[in-house]
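# Examination of the molecular architecture
Listed below, chain by chain, are the residues.
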Amino acid sequence: MTLIDDRAPVTPRRLAVARGLLARLARAVLDAALPPLCGLCRAPVDQPGLCATCWSGLGFVTGPVCDCCGVPLPVDPGGPAICGGCAAHPPAFSTARAPLIYDGASKRLVLALKHGDAGHLAPLLAGLMAPVASGLGPVDMVVPVPLHWRRRLRRRDNQAALIARDLAARLGCRHQPGMLRRRRATPIQGNKGRAARARNVSGAMAVPASADIRARLSGARVLLVDDVMTTGATADACARALLRAGAASVVVVAAARVPAPGDGIRHMADPTALAV
Ligand SMILES: [Zn+2]
Ligand SMILES: [Zn+2]
């Protein structure tokens, strides 16, 4: 009698998939056995997310914002207005918005995601960003702001991509992390002002030359995703590269927005152009 072994051959890829499934299963068993913990202070909570104290510490963008880049405006202009930054240097993206102010618990949340082993916070942030992203109009693909490969190695993951993947699933559209890459490792933006930030990222973002990528991007409406938006220089550099490569439009959603980035000068030269 001949026995025919019709099992699929064990390849490294199949092994990796099996390991991934096992890890997910182990996590699901542990999650079911242990009470969920607050994503920030690790206090026990009824369901995955944040405890009531950490949740109440989150600062949401609620007041008037620049119609273009979404930065909170220091005074209510009484109608649609753009900030001084957008008036002086119109960004390549059409609109940018964020649900959170980068302050207090919101800042700790984003930093925990960025610097800790906190991939579990990505779904929480994506959940907050989804309604904001939906308000920016229909999109064809979700693209995260890329990290340079060296920084990605240090941080283990691109946090923007973790958020973007979850957000794309919520919005029911494709997550396309390969559409952009960082050509060079840009110094940390830190406390740089608006002009220095723009110089820092100028020319650093590129769409790979692959014909397949260019074809997918051609005419696409792109939702660009980042964790924190400060002056918008990084988002602007990404949007420029995407539009140059054939994208039809780029809108941006970040988890948190720095309230008054740049040189900190606030003045009202024109009621429709508030410099922040
Ligand atoms: Zn908490
Ligand atoms: Zn603006």
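Before any of the text, the structure's been laid out above.
Here's a quick rundown of the structure. These figures come from a predicted structure and were not determined experimentally.

Rules and cut-offs
- Residues numbered from 1 in each chain as written.
- Chains lettered and ligands numbered in written order.
- Predicted model: local features only at pLDDT ≥ 70, side-chain atom pairs only at ≥ 80, totals over all residues.
- Heavy atoms only, no water.
- Salt bridge = Lys/Arg side-chain N within 4 Å of Asp/Glu carboxyl O.
- Helix = DSSP H or I, 4+ residues; strand = E, 2+ residues; numbered from the N terminus.
- Core = buried A, V, L, I, M, F, W, Y, C linked by side-chain atoms within 4.5 Å.
- Buried < 20%, exposed > 50% of the residue type's maximum accessible area, 1.4 Å probe, protein only.
- Domains from an automatic or database assignment.
- Axes fitted to C-alpha atoms, helices over the stretch in contact; angles between N-to-C directions.
- Parallel < 35°, antiparallel > 145°, perpendicular 65-115°, else oblique.
- Left-handed = near helix turned anticlockwise from the far one by under 90°.
- Contact = heavy atoms within 4.5 Å.
- Nonpolar A, V, L, I, M, F, W, Y, C, P; charged D, E, K, R; others polar.

## Brief notes about the pattern of salt bridges
With the rule as written, the count across this model stands at six salt bridges. Residue arginine 97 is joined to aspartate 67 by a salt bridge in which the shortest nitrogen-to-oxygen separation is 3.9 Å. With arginine 97 in strand 2 (residues 95–97) and aspartate 67 in the loop between helix 2 (52–57) and strand 1 (82–83), this residue pair connects regions lying 30 residues apart in the sequence.

## Here's the deal with the nonpolar core
The nonpolar side chains of a soluble globular protein tend to be buried with one another. With 39 residues, the main nonpolar core has Leu109, Leu223 and Val225 as its most contacted residues. Those elements that provide at least two residues to this core are helix 4 (104–115), helix 5 (121–134), helix 7 (159–171), strand 8 (221–229) and strand 9 (249–257). Residue contributions to this core peak at nine residues, all from helix 5. Both of domain 1 (13–57) and domain 2 (59–186 + 194–275) provide at least three residues apiece to this core. Listed in part, the 37 residues of the second largest apolar core include Cys69, Val143, Leu180 and Val207.

## Details of the packing of helix 4 against helix 5
Contact geometry of helix 4 with helix 5 gives a least axis separation of 10 Å together with a crossing angle of 135°. Considering their axes alone, helix 4 and helix 5 lie oblique with respect to each other. For the pair helix 4 and helix 5, the sense of crossing is left-handed. Note on element contacts: helix 5 touches helix 4 through Leu121, Ala122, Leu124 and Leu125, opposite Leu109, Ala112 and Leu113. Of the residues contributing to the contact of helix 4 with helix 5, the split by class is seven nonpolar, no polar and no charged.

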